[in-house]
Amino acid sequence: MSIHCYAARGPRRPLAPFQYRPAPLGAREVEVAITHCGICHSDVHLINDDWGISHYPLVPGHEIVGVVSKAGAEVDSLKAGDRVGIGWQRSSCGVCEWCLSGSDNLCPDSEAICVGHHGGFAERIRCDSRYCFPLPAALGSENAAPLLCAGITVYSPLRHHGITANMKVGVVGIGGLGHLALQFARAMGCEVTAFSSSPAKKEEALAFGAGRFVPVSDPKALRRAAGSQDFILSTVCADIDWAELLEALRPNGKLCLVGVSPGDIRISPDALIAGQKSLCGSMIGGRARMGEMLEFSARHGIQAKTEVLPMARVNDAIRKVERNQARYRMLLSNI
Ligand SMILES: [Zn+2]
Ligand SMILES: [Zn+2]
């Protein structure tokens, strides 16, 4: 039976109703009836083919929550009726050194859910059961869907870099990713600072867990933050004063990028050498980390703040994401 969904027919085209006939359900695959799907900035990049990896018709959507409707013959971890989440990653080889060491997000044969496959702006989806994650009961679907991409994207580097309760963590950009990063860092016990170009977000940033707010549009305020952070997570998709941000690190501090800013980063080697600072990046997280992140979110009440629209209003929702008007994540609903 065909799957009804919304697809872009070419770069920068609005999404339109589309249907496709899925391949037969694999022995290790499940079919999921989608209830909710978040909209990530990566979906907009894919629609526009900003990264040169898009295939059309393109069905975006990789923050999926739904209910298993069918399970392949060899699936024993999930059954029909289970509520699950699906994120950016669709599969991995399972046997390379990265897969075997729990870093399957770095597998060279990793596939993305909506690159060369049809994603979650749809009524249903079929996917490798290993990348369908059971959702703890404490997580409501409307607040959990963005955890599947935005959540794991910011949680994984905090864990990978050994962030502990005595550390000072800065989050740059208080949007879909940033508002979750503030909550995670706070729940880990850190002293948290929000760096944002929108002073209007100050009150909400404090409510999400920041103890301090630095308006990055004010060079003086950024300079005053010099030498204050052990770890800074940048979620912004814009070019900012990277040298000044490195200045905000304490000795041995790290600046970690998860937002894809368009321009090159030009910094003097001395900005890293003096103070032994590091500049690094992070991409989603492996399966084990995803399960851990969902449990952590359930235990600590981490919730995405979402604005829900019916799936049929997908283009209105995308427009809000493009204009940075989402507070804080747009979510499409089939129910
Ligand atoms: Zn994403
Ligand atoms: Zn692998």
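Residues numbered from 1 in each chain as written. Chains lettered and ligands numbered in written order. Predicted model: local features only at pLDDT ≥ 70, side-chain atom pairs only at ≥ 80, totals over all residues.

**Details of the overall build of the protein chain**
Argument step 1. Along its length, the protein chain carries 11 helices and 17 strands.
Argument step 2. A compact globule built from 335 residues should have a C-alpha radius of gyration of about 20 Å, and the protein chain, at 20 Å, falls within 12% of that.
Argument step 3. Its C-alpha atoms put the protein chain at 60 × 40 × 35 Å along the principal axes.
Argument step 4. By the burial criterion, 45% of the 335 residues in the protein chain qualify as buried.
Argument step 5. Summarising the internal contacts of the protein chain: among those between residues at least 6 apart in sequence, 67% fall at separations of at least 24. (Helix = DSSP H or I, 4+ residues; strand = E, 2+ residues; numbered from the N terminus. Rg over C-alpha atoms; globule rule 2.2 N^0.38 Å. Buried ≥ 20, exposed ≤ 12 C-beta atoms within 10 Å, placed from the backbone. Contact = placed C-beta atoms within 7 Å.)

**A closer look at the domain arrangement of the protein chain**
Argument step 1. With domains assigned, the protein chain is organised as domain 1 (3-149 + 285-333) and domain 2 (151-281).
Argument step 2. In this structure, domain 1 and domain 2 have C-alpha centres spaced 27 Å apart.
Argument step 3. The partner domain 2 presents 14 residues to the 20 residues of domain 1 that form the contact.
Argument step 4. Residues of the side of domain 1 that touches domain 2, tallied by class, amount to 11 nonpolar, six polar and three charged. (Domains from an automatic or database assignment. Nonpolar A, V, L, I, M, F, W, Y, C, P; charged D, E, K, R; others polar.)

**Concerning unusual backbone geometry**
Note: most peptide bonds trans; most residues except glycine with negative phi.
Argument step 1. Pro57 follows Tyr56 through a cis peptide bond whose omega is -5°.
Argument step 2. Of note, Pro57 is situated in the loop between helix H1 (41-47) and strand S4 (64-71).
Argument step 3. Note the cis peptide between Arg327 and Tyr328, where omega equals 0°.
Argument step 4. The residue Asn252 is not glycine, and still its phi comes out positive at about 65°.

**Quick look at the sheet that holds strand S10 (residues 168-172)**
Argument step 1. In space, the six strands of this open sheet follow the order S12-S11-S10-S13-S14-S15, with parallel pairing throughout. With one partner strand each, in any of the chains shown, strand S12 (212-215) and strand S15 (278-281) form the two edges of the open sheet. Neighbour-to-neighbour, the strand axes of the sheet open up by a mean angle of 20°, direction not taken into account.
Argument step 2. The sheet contact formed by strand S13 (residues 229-234) and strand S14 (residues 249-257) spans five bridges and is parallel. The residue bridging Ser234 from the neighbouring strand is Leu257, located in S14. (Pairing = 2+ DSSP bridges. Axes fitted to C-alpha atoms, helices over the stretch in contact; angles between N-to-C directions.)

**Some details on the pairing of strand S16 (residues 306-310)**
Argument step 1. Here five bridges tie S16 to strand S17 (residues 329-333), and the two strands are oriented parallel to one another. The partner of Glu307 across the bridge, within S17, is Met330.
Argument step 2. At this point the chain moves from S16, through helix H11 (residues 314-322), to the parallel S17, and the crossover so formed is right-handed. (Right-handed = clockwise from strand over helix to strand, strands pointing away.)

**Comments concerning the pairing of S12**
On any regular strand, side chains alternate: one points to one face of the sheet, the next to the other face.
Argument step 1. Two elements, strand S11 (residues 191-196) and S12, share four bridges in a ladder whose sense is parallel. By the bridge assignment for S12, Ala194 is matched with Phe213.
Argument step 2. With helix H6 (residues 202-208) bridging S11 and the parallel S12, this β-α-β connection has right-handed handedness.

**Things to note about helix H10 (residues 287-300)**
Argument step 1. The end-to-end C-alpha distance of H10, which contains 14 residues, comes to 20 Å, matching closely the 20 Å that a straight helix rising 1.5 Å per residue would cover.
Argument step 2. What H10 keeps buried is the set Arg289, Met290, Met293, Leu294 and Ser297. Buried positions in H10, seen along its axis, are confined to an arc of 140° and lie on one side of it. In this structure, H10 carries Ala288 and Arg299 as exposed residues pointing more than 90 degrees from its buried face. (Expected span 1.5 Å × (residues − 1). Arc of directions from axis to C-beta.)

**Brief notes about the packing of helix H4 (residues 150-160) against helix H5 (residues 178-187)**
Argument step 1. Look at H4 against H5: their axes get within 9 Å of each other, and the N-to-C directions meet at 40°. In terms of axis orientation, H4 runs oblique to H5. Considering only the axes of H4 and H5, their crossing is right-handed. Counted together, Ala150, Gly151, Val154, Tyr155 and Leu158 of H4 and Leu180, Ala181, Phe184 and Ala185 of H5 form the full contact between these two elements.
Argument step 2. Looking at side-chain class alone, the contact of H4 with H5 contains eight nonpolar, one polar and no charged residues. (Parallel < 35°, antiparallel > 145°, perpendicular 65-115°, else oblique. Left-handed = near helix turned anticlockwise from the far one by under 90°.)

**Describing the nonpolar core**
The tendency in soluble globular proteins is for nonpolar side chains to be buried as a group.
Argument step 1. If you look at the biggest cluster of nonpolar residues, it comprises 94 residues, and the most contacted ones within it are Ile86, Phe121, Val154 and Val171.
Argument step 2. If you count residues domain by domain, this core takes at least three from each of domain 1 (3-149 + 285-333) and domain 2 (151-281).
Argument step 3. When sequence neighbours within four positions are dropped, the list of residues in contact with Phe121 reads Cys5, Tyr6, Leu15, Cys37, Val59, Pro60, Gly61, Met311, Val314 and Leu332. (Core = buried A, V, L, I, M, F, W, Y, C linked by C-beta atoms within 7 Å.)

**Regarding H4**
Argument step 1. A large share of H4 lies buried, amounting to nine of its 11 residues.
Argument step 2. Those residues of H4 that fall on the buried side of the exposure criterion are Ala150, Gly151, Ile152, Thr153, Val154, Tyr155, Ser156, Pro157 and Leu158.
Argument step 3. Its buried side turned inward, H4 meets H5, S13, S14, H10 and S17.
Argument step 4. Note on H4: the residue one or two positions beyond its end, Gly162, has a positive phi of about 65°.

**Observations concerning the environment of Gln229**
Argument step 1. By the element assignment, Gln229 lies in strand S13.
Argument step 2. Looking at Gln229, the number of C-beta atoms within 10 Å reads 27, which means it is buried.
Argument step 3. Taking the C-alpha atoms as reference, Gln229 lies 9.1 Å from Glu191; in sequence the two are 38 residues apart.
Argument step 4. When near neighbours in sequence (up to four residues on either side) are disregarded, Gln229 contacts Lys168, Val169, Gly170, Thr193, Ala248, Leu249, Arg250 and Gly253.

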